[in-house]
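Observations on chain architecture
Chain by chain, the residues run as shown.
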Amino acid sequence: GSASAAAAAAVASADAVPEARGRDAWDMVVSEQRQDPAVGDWLTFDELLERYAWTYGKNKLRRYWETRCLEERRWDEDWTPVTWPEFRGRHGGAGGGAPAAAPP
């Protein structure tokens, strides 16, 4: 369907973007969930790989994950939107609860 065509186009376009992270950073992000822009689902890299591995190789999916899949954002204490790794970096790994409410 159109979702699979959108996924194919999105994965193919990820090849044009240079690699964003080194190996150590990659190891830290594979367990987080990101939004697949082709279909809107939130999933881990392993779930993305399971979904598309029959069509795309792991390296192509890794590049797609790094460059196209959107990281979850939450509101920090100063009301700036940050990713979960950014939040942990700012607060020394603290914070495992729900994100703060949206600003008034």
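Placed above this text is the structure.
Small disclaimer: the values here were computed from a predicted structure and weren't measured.

A separate point is the nonpolar core. By size, the foremost hydrophobic cluster in this structure holds eleven residues: Ala38, Leu43, Phe45, Leu48, Leu49, Tyr52, Tyr56, Leu61, Tyr64, Trp65 and Cys69. Elements with a minimum of two residues in this core: helix 3 (45–52) and helix 4 (58–67).

Inspection of the entire model under this criterion finds five salt bridges. Arg34 is paired through a salt bridge with Glu32; the nearest N and O atoms lie 2.6 Å apart. By relative accessible area, which is 16% here, Glu32 ends up buried. With its nearest N and O atoms 3.7 Å apart, the salt bridge here joins Asp78 to Arg90. Taken together, the residues span a long stretch of sequence, with Asp78 in the loop between strand 4 (73–75) and strand 5 (81–83) and Arg90 in helix 5 (residues 84–90) at a distance of twelve residues. Among the residues examined, Arg90 registers a relative accessible area of 46% and is labelled partly exposed.

A few words on the side chain of Glu32. Assignment of secondary structure puts Glu32 in the loop between helix 2 (23–29) and strand 1 (34–35). Separated by 2.6 Å, the side chains of Glu32 and Arg34 make a polar contact. Setting aside residues no more than four positions away along its own chain, Glu32 makes contact with Leu43, Thr44, Phe45, Trp65, Glu71 and Pro85.

Right, let's talk about the sheet that holds strand 3 (residues 70–71) for a bit. Sheet architecture is open: three strands sit in the order 2-1-3, paired in antiparallel fashion. The sheet terminates laterally at strand 2 (42–43) and strand 3, the two strands that pair on one side only.

This paragraph deals with the environment of Arg62. For Arg62, the position within the fold is in helix 4. On a C-alpha basis, the gap between Arg62 and Leu48 in space is 9.3 Å, while along the polypeptide they are 14 residues apart.

What follows is about the packing of aromatic side chains. For the coordinates displayed, the defined rule picks out three aromatic pairs. Seen in terms of ring centroids, Phe45 and Trp65 are 5.8 Å apart; in terms of plane orientation they differ by 75 degrees. Their pairing is edge-to-face. Of the two residues, Phe45 is situated in helix 3 and Trp65 in helix 4; the sequence distance between them amounts to 20 residues. As far as burial versus exposure is concerned, Phe45 and Trp65 are alike and both buried.

Moving on, we get to the packing of helix 3 against helix 4. Working note: a packed helix pair is described by the angle between its axes plus the distance between those axes. Between helix 3 and helix 4, the shortest axis-to-axis distance is 10 Å and the interhelical angle comes to 130 degrees. Our classification of the angle between helix 3 and helix 4 gives oblique. Read as a crossing pair, helix 3 and helix 4 show a hand that is right-handed. Residues Phe45, Leu48, Leu49 and Tyr52 of helix 3 touch helix 4, and the partners they reach there are Lys58, Leu61, Arg62, Tyr64 and Trp65. Class assignment for the residues of the contact of helix 3 with helix 4 results in seven nonpolar, no polar and two charged.

Here is what the cut-offs are and how they apply
- Residues numbered from 1 in each chain as written.
- Predicted model: local features only at pLDDT ≥ 70, side-chain atom pairs only at ≥ 80, totals over all residues.
- Heavy atoms only, no water.
- Core = buried A, V, L, I, M, F, W, Y, C linked by side-chain atoms within 4.5 Å.
- Buried < 20%, exposed > 50% of the residue type's maximum accessible area, 1.4 Å probe, protein only.
- Helix = DSSP H or I, 4+ residues; strand = E, 2+ residues; numbered from the N terminus.
- Salt bridge = Lys/Arg side-chain N within 4 Å of Asp/Glu carboxyl O.
- Polar contact = N/O pair within 3.5 Å; in protein donor to acceptor, adjacent residues only side chain to side chain.
- Contact = heavy atoms within 4.5 Å.
- Pairing = 2+ DSSP bridges.
- Phe/Tyr/Trp six-rings, centres within 6.5 Å; stacked < 30°, edge-to-face > 60°.
- Axes fitted to C-alpha atoms, helices over the stretch in contact; angles between N-to-C directions.
- Parallel < 35°, antiparallel > 145°, perpendicular 65-115°, else oblique.
- Left-handed = near helix turned anticlockwise from the far one by under 90°.
- Nonpolar A, V, L, I, M, F, W, Y, C, P; charged D, E, K, R; others polar.

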